Every structure is written in structure tokens, then in C-alpha cells.
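# Report on the structure
Single-letter residue listing:
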There are 4 protein chains.
Amino acid sequence: MQHALLQQAARSEPMVDVFRNVRGKTLSLSAPLELDDYAVQSMSDASPIKWHLAHTSWFFEQFVLKKYLADYRPLDVRYERLFNSYYQTLGAVYAHEARHLLTRPTLTEVMRYRHYVDEHVDKLLTAQSDNGLLNDAATLGVHHEQQHQELILTDIKHAFSRNPLLPAYRSEELLQPGLSRELKFTQFSGGVKMIGAELADGVGFAFDNELPRHRVWVEPFALANRLVTNAEYLAFVRTGGYRRPEHWLSDGWDAVNREGWDRPLYWSESLDSEFTLRGMASLNMNGPVCHLSYYEADAFARWAGMRLPTESEWEVATENISVTGNLLEEENFHPAPAAAEGVVPRQLFGDAWEWTSSAYAAYPGYAAGSGALGEYNGKFMCNQFVLRGGSCLTPRDHVRATYRNFFRPEARWQCTGIRLAR
Amino acid sequence: MQHALLQQAARSEPMVDVFRNVRGKTLSLSAPLELDDYAVQSMSDASPIKWHLAHTSWFFEQFVLKKYLADYRPLDVRYERLFNSYYQTLGAVYAHEARHLLTRPTLTEVMRYRHYVDEHVDKLLTAQSDNGLLNDAATLGVHHEQQHQELILTDIKHAFSRNPLLPAYRSEELLQPGLSRELKFTQFSGGVKMIGAELADGVGFAFDNELPRHRVWVEPFALANRLVTNAEYLAFVRTGGYRRPEHWLSDGWDAVNREGWDRPLYWSESLDSEFTLRGMASLNMNGPVCHLSYYEADAFARWAGMRLPTESEWEVATENISVTGNLLEEENFHPAPAAAEGVVPRQLFGDAWEWTSSAYAAYPGYAAGSGALGEYNGKFMCNQFVLRGGSCLTPRDHVRATYRNFFRPEARWQCTGIRLAR
Amino acid sequence: MQHALLQQAARSEPMVDVFRNVRGKTLSLSAPLELDDYAVQSMSDASPIKWHLAHTSWFFEQFVLKKYLADYRPLDVRYERLFNSYYQTLGAVYAHEARHLLTRPTLTEVMRYRHYVDEHVDKLLTAQSDNGLLNDAATLGVHHEQQHQELILTDIKHAFSRNPLLPAYRSEELLQPGLSRELKFTQFSGGVKMIGAELADGVGFAFDNELPRHRVWVEPFALANRLVTNAEYLAFVRTGGYRRPEHWLSDGWDAVNREGWDRPLYWSESLDSEFTLRGMASLNMNGPVCHLSYYEADAFARWAGMRLPTESEWEVATENISVTGNLLEEENFHPAPAAAEGVVPRQLFGDAWEWTSSAYAAYPGYAAGSGALGEYNGKFMCNQFVLRGGSCLTPRDHVRATYRNFFRPEARWQCTGIRLAR
Amino acid sequence: MQHALLQQAARSEPMVDVFRNVRGKTLSLSAPLELDDYAVQSMSDASPIKWHLAHTSWFFEQFVLKKYLADYRPLDVRYERLFNSYYQTLGAVYAHEARHLLTRPTLTEVMRYRHYVDEHVDKLLTAQSDNGLLNDAATLGVHHEQQHQELILTDIKHAFSRNPLLPAYRSEELLQPGLSRELKFTQFSGGVKMIGAELADGVGFAFDNELPRHRVWVEPFALANRLVTNAEYLAFVRTGGYRRPEHWLSDGWDAVNREGWDRPLYWSESLDSEFTLRGMASLNMNGPVCHLSYYEADAFARWAGMRLPTESEWEVATENISVTGNLLEEENFHPAPAAAEGVVPRQLFGDAWEWTSSAYAAYPGYAAGSGALGEYNGKFMCNQFVLRGGSCLTPRDHVRATYRNFFRPEARWQCTGIRLAR
């Protein structure tokens, strides 16, 4: 992980406060769950909530406490293996798909572990508030924790969707239906553009995969003013979109047939409602379609006579746009209709992650760091596509214009949607 | 389920007391578990403890309350599908392998369900203590519950064994090592023998698969005085038993290679300890080997120059022997060494289920009942082998000489062992 | 293989003539095929015709030439592994499912191998026509070759059925439709019966799994006068037989759903024609239904309110009945309608193998021989059911009343049908 | 397929002669095979030679004869489905993995089909030698045929490698060992570069995926003077390259463990020989390593402290280099050592396809054509990596600097190797 700390100096908040807030946020996000919900793992890509709570603590233990706290003694050395997600260089990793088997440590013990780690990190950050390397490591831990906040919500949503009782994470009323907004396009000029995170003195944070900032050649392009809506996607479904191979990538067509896909992941068979974190809800025709694979996003775009943007195009279009929108802090937990008319692209941040047509790859000059943190991002640069912009489940201060999320093209359990380009 | 109630009249205990005792026993067996342990399902053959607790209640609801309690209203009609194990004639069955996804109803709600059913059955049995058909149905429910008591223990043992922390169900000292007992054989005469449960006036209970009592021709045979020990099985392992195809059935040899078997399920790689319900324990050389598949039992017998008994032989040998031994009530939770010297067969009841060489099949004249209970036993008469005698996890008043347990030949998570014949 | 040679003395034909006839018959059965057809393997249970031709030669090489011909030198020592089917004690076995990869040796070379073996066996049998052990070994080879004659036809039928061009093995007219014959039952008395092949001086041949002749207790039973017809099975299909779980064994119901079965293997979707060795033919309503799994045979019997016979019952009923019927020599290559009215069981030999409800198991006192031939039959006594009576693809002098064929309950590519009992 | 015909005018040869030569070449490449070899399909990615011979004829039938020959009548309309590879818009496609089941049409019939198509195309091209669209379509057919020429050799190599007899395609002596050449790097300048095939008046041919020619930004880079050798790769193997996860992409590490990879596809376990089209040969330490997956190429580069080139870099470096090298016409059928010392990149064409780090994607402005030919390339732009430069099995006039081959990262049966960049 060659992460960069870019605006450290400019940050008004002490690191220990950032740490406390983010760690507390994780617990408050989990609070609406029943104790039984913490243990479930509904597929091998997902993890139990209990495991997320333990693993994020493990991350601080491995990369902050063990490195910066002299004489740190782990609460339980056996956790080192149990809660290692995928850092092969730290030793044997417990099988991802078997995380649900870990009834021990119990949730109570995991909470004790979490508390133990919190106490030690808290003291360390308080005592060494000026230690730049320590603050860097803790910042990484905080961003890592935020990634798992989103995963906690997407994982529990998937598990709930598999239960015939269709439980709700939150039971209050859902979003307002909003208005229908005409699809328009803004034109952007081409040329040599700068892409990636800027390395300046003490300014902010970026993951290593956003580095280095570099030149790309971009052809002139146009980008849609909003995300594709449920109404638009429904037209694709109703006109046989899932039955006509000419819309699909070859691998996508295989997935459609192998998995029996005929609609987005959480739509009801009757095509008029969808499963949400607030239970089943009627399908909002003005709201963004979500929980689509790359294959579906790509097929829709081809059907519509357009295409998905490249990640460079997306980043060029988002330059100078501030991170606002329907993000986690809104507590909508679901994409919302575009708020305004007009040609200017809206919903760039929040609502739904936007599939780009760019395969996830190293930027020129990128090199994964050495040691375990070198495994954070680099080893996944294969068979995945880049998504941009965050979703309604992403914390606001976690995402940015240069942020590169990535998933396999068949993944549907993340809150993923479509922005068209041409 | 054409079960027969044979000694109903002779039973000294009122049915309601039997019911309360058995239902209470299930809870006390679960009591040593942490709350987290109730949710785990470590493979598709196993079920979460929470599910066992709900399903056994469901069974009384379906086959006692709905049938005999006028105006019975279920606590939650949705449970009808969730906790149906395999009764296809009652409607769509929730997928066995996905039981671990049911975080709702919560354990608290399942306990409420259990209590709700208990209250109603209790009142019903008290009010209609002379209703023979009702008592028959409740008796079946009680025996069904006892089957799940054994499953609760074998399922949690398997789940614990998959956790690198190797938790213990009970932490107190394990059994005494006992003495080494010489392997001897008793000779039994052949001829036409009667096999199966006796239908007499009001005498006891039997499952439909034990019926009807019928004639078989049995050749003279000899049966071992005790179960095969760990020491004996270790010799098989050490002399390359798992590497020489000539000992194995063809399907068994395939299983050895496909699954990488090289020792009993719970033995350590070092061959000197085994996982038990009290955690890892050193291998008791005098104790019975257990957690073997049929393939292993059969291969061992061939290697030893002997064979497994048929179920007819086993039943002939067990005639007039009372049900005593290392059964669930002893709370050993593990097979124990044979208690005495001598040629007389010991350990026929308890310790470990004994694989017979008999494929599980209908007795002549057997016909499964109509309706859902007809699915209890009959539809499994294919690709399974009969086991006899119960194990250290079987309640004493659940097993009998005519009792036919059955599992697939590759099953190893039940407490299964070997008695030799020749 | 503890095979017994029972009527050696009575045999009028010299062994060398028997050998030549059977070997020649294999080639004449293959003759209608195109060269391309010799290489195909349409599933892992089947083998290429070329492989059958080589393996049957290999069998004579291993068990006749190597044992009885001093200084025998194999044509190519590498064939020892390539054409070993499943004799693990002879060394590593080439993967069954990969037999179609063996483009070398070529068919020409395999024919040369076949010729080479034939020449040597021919000379050996001629020179030592009185060598009893040699004649025994050759007799086994001959019966083994006949088993492969049937496999050649069933395997090529399966391969042809997978080709959209639906080629025919033979193109001449199919059988006459015959007449509809009423289903009637003959009653047989029960008691202690003798089952299995008789060991007398020099009388005939039997496989080891037919031995020893032994006592069984049989209850009185009734057996149908003919095989179940296509008309009868069609009624089962049309009344939803494949959609109602109550007819099926649990494993059978799983197979129906997993494999999408809704009719016999070779029936057309329109239910009015079936694929035969003479190409597609209209479904003969009077003819026996064939190419059914055990699960289907069992479900049909249950639907019809009857059951399948046990192998003991079948053998009792067939005592003193001579081996005549629609066997391979008729060159019908397809089951034919019952030839006559009446209560007496017809079609016991030929037409279609009859599934019994008996799991394939060792007879009391059976012990597989030592060495490679001990693997011939014994190691398959698990997860298979016994079939009796031969089919229209079985050579007449290969089958007999005590003959035990066996297949897995899901197998459908053999010519298998149903005889009812009650 | 938006293919472009660029130097049509400049072509000295009439189209009909090109057609005859290429079609004849396919047959002469197949000539060393035994008849048995034409039927084999050793894995689902491969196809039988017979199928290649039919499918390439089918291609001319579909896209030349049906379109340009009035009143063309197919030899057999059923071939339309059987020999359609993946053009979904032409109707149901026969299952790829089941091509080996097609014993009919026989090889003789396929050759008749081939001849029938040849005759008609020949006449058509002769009669309408000035028809530009016809010549375009035939040119595409010719290039398509050349792709299958390479596949014929790679597919039969794979099939032979699975046969314990290890047959040889050609039996004459293999290549000279050559000399060891020092690894050196040439530096290339960065900036805006033009990539892709040039659209000029009547000049040559390109596949649609090479279009349009467009600008890219390239950073300065260095490229190796030759391919990685067996000696160099052996050092990677010997120092534990396949056992250390830090060298591997996450998906690559999964593949290593799932597939048990520990050396290149055709290397012997002893690491001193490899399977070639001339049978087993000792490993030439000076020769290029080949038959590697992308994962292995990438892991080797990381282990060596370097990286794979992007496809833009490769194309920039190859500008103005003529297509010469160890290509199919040399009839080496195996990569050869670099012929000369020096810093200038050698072996850019021929020897082994060079994995680039570029995911296979559309060039800016690319749009797949309409109709079936639109499926030729575009629908595969997902989960594949671009390879450049051709191999020892590629016809010389088939490859060019802008040519983009593509395979899944786990593919190893193509003749693929490594060129390093940094």
C-alpha cells in the first residue's frame, strides 16, 4: 500500500478523534441488527458482521499497534490467523468461505477484542499525536474500516434477501419517489489529461492504486447528467434484454444462462418491487437502478446505443466537483432520484457505484509496496472492473474523484449502477 | 411412518410427563453452548442447533397440534415452511444447506415458538390423557426429538472441529483409559430366524422401518465380543491401509482419493490424539475407534480377514440383551473401552453405532404410510447402510434391538464404529 | 473372480471354437460402424468402441497368455496400463473418462493388437485343449468379451443419441408393433429357497458373485406376466409422475430435479417417438419401456400400487425356465412386445434388464478371490442394484437364471426396464 | 467485424490464388496426422481437427457463398448449426465442449463438404475477381482460416500431451540449441503515440479490434532484446517461484493452488525436458520458455523485478519492424533461441505470443459491426489479456504490428511466452 497523506497538515481534527469517530460509527451501523444477524455469511464473497468487527480491529493491531506500540501484547495470538483476510505474507489465512464457522470467539469476545485494540490505539495516538508515520498508518486503518462499513451493509442486505422472512435493517419509511428527469449529456473536450491522486505536501489521503498522477490521452466525450433509472432499465427487461445475446458480452451471456438472471439482483419476479435495507419496497421508477453486474450495465448501454465511460473520462468529468450527494451520512441506505434538472452531471458521488469500461490495472509507474500492505490493492489487478463515485452506503469522507473501487464483472451484491457515455 | 405402539398400557408414566422430560432434556443438552454456537451449520448434512430446536417443535405442531387440537392457531404460519425438514407433501421445503441463513426468527423467537408449542401440547396431553391416537402421535414426536438430541451433539462436534480454536462442549476430565481386552468371538447357530419389531397388544414403540416382524434365513456366524479399538485401527493406518486399493470397495477407494482420507475423521495428523466433545484428547488405545465411514469399516474388516455383520445377524445376537451401556445418560459423550473380559458380546448398545453390511431396504410387506409421515423413513431406502445399537450420544430409552439407523456409506460425522463378524 | 466351470465336460464345442466365435462376433457387431464412430466416448460411464476392442484383448493377454503361455511377449508393454479398466492391483489405471483421448494406438494398431492376441490364444487353446485351468481362464475371457459386446451397443447408442444428426446403427425396418397383452400375475409360494449358481462337476460357468448357492427365506409373492409397456409408462408420465415427489425415493427426486428428467432417456419431448439403434422410431405402445433408472422403475411401481421384485423372487420364478427370448441373436436390437397372452411370466430373458429391489451385495460365504481377478465383481458391492434376465443386446449363451447384473440406481444408458411384483 | 482492406490494390496475387493457397495449407498441416487424431478434443477450449476443417468451410459458406453466390444451395443444411462456433445471431450453437461427439458427419463427409465449398468459392472468386466486397469477405475468411491453422497445431499438441504414449506430430530432429544471449534493454521515448491499424486507400487488412487508429499517451519505457529463456524461467521455478504468494496476482495464486501448477504446461516433472510437436525433447536452456499463462508471465516478471509491456508500448517498439522470424513457414513448430546479440529487440514476430499487461478492450471509437460478424471479436472484450507478435505456429502473412490476439489469463495451451519491460 503506497498510500499518500496529502493534507495531513490541513486536517483540523486530531487523529485520535478521527479514529474514535470512525470506530464508533461501525458499531452504530451494526446496532440495528439482532445478535443472530452478526454470524451469518450468505455467500463466499460476503463475511459475517462479527468477522468484520474483528478483522477491522485486527488491521489496527497488525499495522498500527505491532509497528508503533513498543511491547504491545495481543489479546489472543490465535486471532492473528483467524481475522487475516488475505495477507498471505503474514502466514496461513483462514478460509474466507468458512468464516461463518467461527462461533468462537463469541460476539462478546470479539467486542472485548475490539475494545482492547481501541484502548491501545487511543492511548498511542494520544501519546504520539505528532508521529507522522503513526498517523499515516492510523489513517489507512480508518479508511480500511470505512470500506468495511459499506461491506457490513451490503453483506447483511444479501443475507436478509435470502431469508424468506425478508427482514428489514431499518423499518422506517423509505425515500420520496422524486421526479422524472430527462436524460441529457454534457460534452467534454479531449486531449492530454492528468489522472490520479496528486502528491502534494501533507494534503489528504489516497490509496496506492490511485497513484501516481499521470498523463492520459482522452478523446472528446459526452457524459449523462444522471444515473440510469429503474424505469429505463425496466424497458430493457421488458423488451427482452435478458433473452437476446446480441446485447451481451460473451461471458455475460454465459452468466445470464448459467445463473438464470432475468432482472437485477433484488427485483421481485413481478418487476414492480425490490428488496432494500428497509424491506421490500415498490420499485421507484425515478430512482437509479442498482445491484447490477458489469455485464448487465454493459448490455444495457449497448441496447441503448451508448456505452459506459472509461475511468479516465469519469475522472476528467468529476474534476473540481465536490463530494456531496446521497452518501452514507444521509441514512437513506438506498439510491435516490436525481435532485434537479439540467445537463450538468448529477449523482456523481453517492447513490450507486458507477461501472466504468476500464479493467482494473496499474497506473504507469505503480508498484505495490513491500510487505503485507503491498497486498492491499495490487494483487487484484486482474479480471476486475473499476467503479467510481461511491454509493448511498459510502461514508462521505471516504470517497473522492480519484477513488478506484473494483469488483469482478459478475458481482451484483454491491450497490452498483449505470452512468451512460457516448 | 407406520409406527406401532406396543406397550402403551404398560407404560407407568403419563404421556405428558414423558413429553416434558424429553423436551426439557433437549434444552439441557444445548445449555453448555454459547449463544453464537446455535447458529452454525458446518456442512450441508448438519443443521444449526437453533434449527433443531425449531424443527422439533414444528414436528409436534404439524403432527400433534394441527391434528388433535381443535382451533389450534400457529404462532407464525411462515414457520411451516422454514422448519419443514423434508416432507415434500407438506409443500415447498426451505433448502437444507441454507438453514444457517435464517438469522430470523432469532434464537429468542425460536425459544418463544418452542414454549408456545410446549404449552399447547402440554395442555392437550393433560386434557386427553386417554386418547390413544394422540398418545401415539406424541410418542412419535418424542422419539423424533430424541433423534435430534443426538444430531445436536454430532452437528456441534463437527462445527467445533472445523474451528482452529477447537472449542470444547464440556470441559471436565475425559473417561478413564480402561484396559486392553482380547478380541474373541461367540458362535451363533443359523436357521430361520425372526427379525423386526413384534406387534403385540400395547407393547412399546417402533418405527415403521422395523416392521413387520418377519422370517429370514441366517447362516451360522460368529460375532466379536467388543468394538474394534483405536489400537487395532491404528495398526491398519500404520500398515498403509489407506494406500492399498485391495482393501477397499471401489466407491470407497474413490472417496479416499477424492477426499484425501488417511485416518478417521477426528484423529490428529500425528495419529496420537482425537477431537472429542471435551476438546482434543490423547487417543485411548483401549477405546473404540469412531467416526468412520462405512467404507473404512468395510476396508478394516477385509484387511483383518473378517467382515461386518449383516443386520439380521446383529439382531439375532442381541435378542434378549437389555439396553444398557455407555449411552447418553452416562454423559461421557465419547465411546468407552469394553468393561469386561470374556467371549460374550459387549458394547452392543451405546458407545458407537455399528455399521452392518446390510443396505437399508424395506422389510417384506413394508409399506410406507400415506401422507407426510409416510416420508419419515421409507423414501431413504436407497444408497444407505443400516447401523445398529446406538452410541454414547443416544438416549437409552430411544434405542432397542430392532432399531435401524441408516446413513450414506461416506458419512463420518456420526459416532460410528466397527464390530467384526466372521 | 471365483468363477466356476460347471458343465465343461458337457460342452460339445472345443474351447478354441468358442473363443473364435465370440471374438469374431465382437467384430461383426462393430462392422456397421463408420471408422469415426470407434473413437467416441459420450460420457464417463461409456468407452470408445476402439477401447472395448483393445481392452477385451488385454483381458486375454493378462489372464490367459501371461499365465499359460510360456515366454509370451506382449506386442506393446505400454498397452498394459492403457487398456486396464479398473484392476488397481495391476498398477496405475489410465483415467476412465479420458479414454477418448487415446488417438494412439490407432484403430489399425488396435486391430493388429487384437489379431496378435487372437493368434496366440488360438494356438494356446489348440495346443492345450485339455488344460482345465486354461479353459477356465479362456471361458472367463469369453464371458467378459460378451459383456463388452453389450456395452459396445449401449455405448454407441448413447453417443449417437447426443448427435443432432441422430445416426442409425442399423437402418432396416424396426420390429412389428405386436399386440397389447393384459397385465396378469402368477402367484409363487414362499418358504426356504435355494438361490445362486450350483457347484456340480463340470457343469457350466458362473461369475463369482452368483456363488455360493445358499438358502434364503422368501415370502409368498406374485410376479407379472410381462414387462411394463410404453403405454403404461406413458400414463405415469402424463399423470404427472415426474412432478409428484410422493412417488419417488428421496435420491430419485433429487435426480429428477438435478437432471431435469421428465421422461425415459431416449423418448422424444413429444412423447411419441424414441431413439433406437435404428434411429428415431415411433413409440410402440405394446413394447416394453426401456432405458429407465432404478429410481424411475421404483417410482412407477409405487405409482402403480405395486413394487419391484427382489432378486430372490425373480430367481425363484425363473427356475426351470430356459433361456429364450428377444436376445442379441435375434438382431432386433430393441425390446419387443410380449409374444403371447397368459398368466405365465414371459420376457424373463431378453428384451430389457429387469431392475430388482435388491441392493447388490455379497451372498453369504462369498469371498472375492485374491489377485487382480478378485476385483472383477466384489469391489462394486455398494450403491448398486441387481438387474436380472438380460436384454435384447445380451448374447443368449451369456445369461442365465442366476446371473446378477448391477448398475447404479441413476444409470439409464443400459437397456433396462420394469417387471412388477406384489 | 469492421475489417478493413488496406492494400488490396497493391496485392499482386488474385484473390482466388490466395484462397487456394491458404485452404491447401490447412490440409497440408493436417496431413501428418493419423485418421484417429482428427476426432479428439482434449478439453473444452480445444476442438477436434475434423471440426476445424468443417468450421472453416462453414465460415466461407456463411459469409461468402450465402451472401455473394446467387442460388447457392448448401451441401447439408444441418451443418449450419453443427459447425457454427459462437455466432448466436445465426441461431442455436452446438455445445463447444461436445464437438468430439460428432462422429457424423464422418471425416470423409467433412472432406466432401470442404471440397464442395472450395469449388463454389473458387468459381465465385474467379467469376467476380473485381468484386471488392466479395474479395473483402473472402479475405476475412482467409485470415479466419489462418487462425484455425494455428489452433489445429495447438489443439493436437495438447491432445498428444495427454496420451501416455506421447505421440509426435513430426518426428524429424528438433532445432539447434543456439547460443545464450545476454538480456539487454532498449529505451523508447514517451509522448502521444498513434496506435492501431491505419485506414488508407486499399492497403492491407486488419481485424476490427485493431481499429480505429488513435492517440495514446505513453510514458518512456525500456523493452527487452529477446524473450525470456527456459534457463531464466527454470531459475524462477527452482527458487520456489510457484510456492511464494508474493509473486502472484491473487487470481494467479488461486490458479496455482487449484490446478497444482508447479512448472510450465509441457515441462516434465524432472524439469529437464518438455513435450513438443516432435515429442519429448530435452529443455533447451537458450530457447524461449513457452506455454505459460498470463499469471505465470506476470509472476515471473515481478520476481525478476520488472514487468510485462503494455500493448501500446509493444506496438510503439514494433513500428517499422518487418514481419520476419520463426513463424509457421519455418516449420520449426517450436520457439527458437534468439539469433543474434545486441540491444535491439529480436523475436518480436514469431517464436511465442507475448503476454502484455493490457486487458483486451475496445479502442476509443470502436463499435462492433452489426449482424453475425459483429460477434467475431467484440463480445470477448472482458476477462482476457492482449498478446502480440505471433508464434512459431502463426503464418507469416497473418500477423502484423497492430495485431491483437487475446486469451484468458489462465490459458496455457497456446504457444505463449514472456518479453520483459521496465
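Throughout, a residue's number is its position along its own chain's written sequence, starting from 1. Each chain gets a letter, beginning with A, and each ligand a number, beginning with 1, in the order they are written. Owing to the predicted nature of the model, reporting of local features is limited to residues with pLDDT of at least 70; listing and counting of side-chain atom pairs is limited to 80 or more, with chain, interface and lining totals taken over all residues. The basis for the side-chain values is all heavy atoms of the structure; hydrogens and waters are excluded.

### Comments concerning the overall build of chain A
This is how it is decided: Elements are defined by DSSP. Helices are runs of H or I of four residues or more, strands are runs of E of two residues or more, and each kind is numbered from the N terminus. In this treatment the radius of gyration is a C-alpha quantity, and the globule benchmark scales as 2.2 Å times the residue count to the 0.38 power. Using a 1.4 Å probe on the protein chains alone, a residue whose accessible area is under 20% of its type maximum counts as buried, one over 50% counts as exposed, and one in between counts as partly exposed. The contact criterion used throughout is that any non-hydrogen atoms of two residues lie within 4.5 Å. Counting rule applied: Lys, Arg positive; Asp, Glu negative; His and chain ends not counted. The location of each charge is read from NZ of Lys, CZ of Arg, CG of Asp or CD of Glu.
A count of helical and extended segments in chain A gives 9 helices and 12 strands. Here the C-alpha atoms of chain A give a radius of gyration of 21 Å, agreeing with the 22 Å that 2.2 N^0.38 yields for 422 residues. Taking the principal axes of its C-alpha atoms as reference, chain A extends roughly 65 × 55 × 40 Å. Buried positions account for 60% of the 422 residues belonging to chain A. Summarising the internal contacts of chain A: among those between residues at least 6 apart in sequence, 81% fall at separations of at least 24. Averaged over its 42 positive side-chain charges, chain A has a centre that lies 1 Å from the centre of its 52 negative ones.

### Description of the relation of the copies chain D and chain C
The condition is simple: Least-squares superposition of the copies uses the C-alpha atoms of those residues scoring a pLDDT of at least 70 in each of them.
Overlaying chain D with chain C gives an RMSD of 0.0 Å, the required rotation being 180° about an axis along which the chain moves by 0.0 Å. Both copies of the chain, as the preceding transformation shows, are related through a two-fold rotation axis. Both copies share a contact surface, since 96% of the interface residues of chain D are interface residues in chain C too.

### Thoughts on the environment of D76 of chain B
Residue and element names in this part refer to chain B. With respect to the element layout, D76 can be found in the loop between α2 (49-68) and α3 (79-82). Of the residues examined, D76 reaches a relative accessible area of 16% and is grouped as buried. Taking the C-alpha atoms as reference points, D76 and A197, separated by 121 residues in sequence, lie 38 Å from one another.

### Notes on the interface of chain A and chain B
Stated precisely, the cut-off is as follows: Note: buried area is the sum, over both parts, of the accessible area (probe 1.4 Å) each one loses when the two are combined. We define a salt bridge as a side-chain nitrogen of Lys or Arg found within 4 Å of a carboxyl oxygen belonging to Asp or Glu. Counting of polar contacts relies on pairs of N or O atoms within 3.5 Å, with two restrictions inside protein: one atom must be capable of donating a hydrogen and the other of accepting it, and residues adjacent in sequence are counted only when both atoms are side-chain atoms. Each residue is assigned to one class: nonpolar for Ala, Val, Leu, Ile, Met, Phe, Trp, Tyr, Cys and Pro, charged for Asp, Glu, Lys and Arg, and polar for all the others, Gly among them.
Contact with chain A, which involves 27 residues of that partner, is made by 27 residues of chain B. Contact between chain A and chain B buries roughly 2,500 Å² in total, counting both sides, with carbon and sulfur atoms accounting for 61%. The largest share of the area that chain A buries against chain B comes from L101, R104 and L165 of chain A, three residues that together contribute 28% of it. Scanning the region where chain A abuts chain B turns up 4 salt bridges. A salt bridge links R104 of chain A to D37 of chain B; the nearest nitrogen and oxygen atoms lie 2.6 Å apart. The interface formed by chain A and chain B includes 10 residue pairs in polar contact (both at pLDDT 80 or more). Secondary structure elements with two or more residues in the side of chain A that touches chain B: α3 (79-82) and α5 (132-162) of chain A. For the side of chain A that touches chain B, the class distribution of residues is 13 nonpolar, 6 polar and 8 charged.

### Notes on the relation of the copies chain A and chain B
Mapping chain A onto chain B is achieved by rotating through 180° and translating by 0.0 Å along the same axis, at an RMSD of 0.0 Å. Most of the interface of chain A is mirrored in chain B, where 100% of its interface residues again form contacts.

### Concerning the sheet that holds strand β12 (residues 416-417) of chain D
Residue and element names in this part refer to chain D. Using the following cut-off: DSSP-based pairing: two strands are paired if at least 2 bridges between them are found.
The mixed open sheet is built from 4 strands, whose spatial order is β11-β10-β9-β12. Edge positions in the open sheet fall to β11 (405-407) and β12, since each of these has one partner strand only. Judged from the 3 bridges that link them, strand β10 (residues 385-388) and β11 form a sheet pairing that is antiparallel. Looking at β11, one finds that F385 is bridged to F407.

### Notes on helix α9 (residues 311-318) of chain C
Residue and element names in this part refer to chain C. With respect to burial, α9 is a largely interior element, 8 of its 8 residues being buried. Listing the buried residues of α9 in full gives E311, S312, E313, W314, E315, V316, A317 and T318. Looking at the buried side of α9, the elements it contacts are β2 (185-188), β3 (191-195), β5 (214-218), β6 (221-224), β9 (353-359) and β10 (385-388). One or two steps after α9, the chain reaches N320, where phi turns positive at roughly 70°.

### So, the domain arrangement of chain A
Residues and elements named next belong to chain A. Here is the rule: Bear in mind that the domain bounds are from an automatic or database domain assignment.
Partitioning chain A into structural domains gives domain 1 (4-161) and domain 2 (185-417). When each unit is reduced to the centre of its C-alpha atoms, the spacing between domain 1 and domain 2 is 26 Å. Taken together, the contact between domain 1 and domain 2 spans 36 residues of the former and 40 residues of the latter. Each partner contributes to the roughly 3,200 Å² buried at the junction of domain 1 and domain 2, and carbon and sulfur atoms together form 63% of this total. For the pair domain 1 and domain 2, the interface holds 0 salt bridges. Taken together, domain 1 and domain 2 are joined by 16 residue pairs in polar contact (both at pLDDT 80 or more). Secondary-structure elements contributing two or more residues to the side of domain 1 that touches domain 2 are β1 (4-6), α1 (15-30), α2 (49-68) and α5. When residues in the side of domain 1 that touches domain 2 are grouped by element, the largest group, 17 residues, is from α5. Its residues placed into classes, the side of domain 1 that touches domain 2 shows 18 nonpolar, 13 polar and 5 charged.

### What about the interface of chain D and chain C?
In this assembly, 28 residues from chain D lie in contact with 27 residues from chain C. The junction of chain D with chain C conceals about 2,400 Å² of combined surface from both sides, 61% of it contributed by carbon and sulfur atoms. Considering only the side of chain D, the residues that lose the most area to chain C are L101, R104 and L165 of chain D, jointly responsible for 28% of the buried surface there. On inspection of chain D and its partner chain C, the count reaches 4 salt bridges. Linking chain D to chain C there are 10 residue pairs in polar contact (both at pLDDT 80 or more). Of all the secondary-structure elements, those providing two or more residues to the side of chain D that touches chain C are α3 (79-82) and α5 (132-162) of chain D. Grouping the constituent residues of the side of chain D that touches chain C by class yields 14 nonpolar, 6 polar and 8 charged.

### Thoughts on the packing of helix α1 (residues 15-30) of chain B against helix α5 (residues 132-162) of chain B
Residues and elements named next belong to chain B. Threshold: For helices, the fitted line uses only the C-alpha atoms of the stretch in contact; every axis is such a line through C-alpha atoms, and the angle between N-to-C directions lies from 0 to 180 degrees. An angle below 35 degrees is read as roughly parallel, one above 145 as roughly antiparallel, one from 65 to 115 as roughly perpendicular, and any other as oblique. If you view the pair so one helix is near and one far, a crossing is left-handed when the near helix is turned anticlockwise from the far one by less than a right angle, and right-handed when it is turned clockwise.
For the pair α1 and α5, the least separation of the axes is 10 Å and the interaxial angle reads 15°. Judged by the angle between their axes, α1 and α5 are roughly parallel. Considering how the two elements wind past one another, α1 and α5 form a crossing that is left-handed. Across the interface between the two elements, M15, V18, F19, V22, R23, K25, T26, L29 and S30 of α1 pack against N135, A138, T139, V142, E145, Q146, Q149, I152 and L153 of α5. A class-by-class count of the residues in the contact of α1 with α5 yields 9 nonpolar, 6 polar and 3 charged.

### Some words on the state of the cysteines
Cut-off, in case you're wondering: Pairs of cysteine sulfur atoms within 2.5 Å are identified as disulfides in what follows.
As enumerated under the stated definition, the model contains 0 disulfides over all chains in all. Left unpaired, C290 of chain A is separated from the closest cysteine sulfur, that of C415 of chain A, by 4.3 Å. The class for C290 of chain A is buried, based on a relative accessible area of 2%. Here C382 of chain C is not cross-linked by a disulfide; its sulfur's nearest cysteine counterpart is in C382 of chain B, at 11 Å. A relative accessible area of 3% places C382 of chain C in the buried class.

### Digging into the pairing of β5 of chain C
Residue and element names in this part refer to chain C. Residues H214, V216 and V218 of β5 are buried on one face, while the alternating residues R215 and W217, pointing to the opposite face, are not. Here 5 bridges tie β3 to β5, and the two strands are oriented antiparallel to one another. Opposite G191, over in β5, you have V218 as the bridge partner.

### Comments concerning the pattern of salt bridges
Residue and element names in this part refer to chain B. Considering all chains together, one arrives at 104 salt bridges over all chains under this definition. A salt bridge links E311 to R388, with the shortest nitrogen-to-oxygen separation between them at 2.7 Å. Here E311 is found in helix α9 (residues 311-318), whereas its partner R388 is found in strand β10 (residues 385-388), with 77 residues between them in sequence. When its relative accessible area of 7% is taken as the criterion, E311 is described as buried. Taking relative accessible area as the criterion, R388 reaches 0% and is therefore assigned buried.

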